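Each chain is listed here by its residues.
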Amino acid sequence: MNLIESVESEHIKADIPDFGPGDLVRVNTRIREGSKERIQAYEGTVIRRSNGGLGETFTVRRVAYGEGSERTFPAHSPNIESVQVIRYGAIRRAKLYYLRDRTGKGIRIRERRQTTDNA
């Protein structure tokens, strides 16, 4: 392990769940307003997840009141309180940029079936 990897390993979060593009997530971020600090939730569909290691980012898209917005989060930022996966999506692509052009029911993503092992 070289020097850069050893420094990065100290800052990598271990509590990030396993999620990917197409999943519906709720990201709780710390917001600082002056001397006060609060937690704000941002819920939407992950349209991309890029890189790995300490510089990993993911982009979440949501549509509220007919207006779409996207926000890119650094995965290992200290300002990210938590990431919760609400539902897993069944998709075929790694980047879901085509969702930007769709509205209404065209934005829907099928839910991925979970296999149960009762054996």
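Residues numbered from 1 in each chain as written. Predicted model: local features only at pLDDT ≥ 70, side-chain atom pairs only at ≥ 80, totals over all residues. Heavy atoms only, no water.

As a further point, take the pattern of salt bridges. Under the counting rule described, the total for this entry stands at 10 salt bridges. One salt bridge connects E70 with R100, and the closest N-O pair in it is separated by 2.7 Å. Of the two residues, E70 is situated in strand 4 (residues 67-74) and R100 in the segment after strand 5 (80-87); the sequence distance between them amounts to 30 residues. Overall, the relative accessible area of 41% leaves R100 in the partly exposed class. (Salt bridge = Lys/Arg side-chain N within 4 Å of Asp/Glu carboxyl O. Helix = DSSP H or I, 4+ residues; strand = E, 2+ residues; numbered from the N terminus. Buried < 20%, exposed > 50% of the residue type's maximum accessible area, 1.4 Å probe, protein only.)

Turning to the nonpolar core, a few remarks are in order. If you look at the biggest cluster of nonpolar residues, it comprises 11 residues: F19, V25, V27, Y42, V46, F58, V60, F73, A75, I80 and V83. Taken together, the elements giving at least two residues each to this core come down to strand 1 (24-33), strand 2 (36-50), strand 3 (57-64) and strand 5. (Core = buried A, V, L, I, M, F, W, Y, C linked by side-chain atoms within 4.5 Å.)

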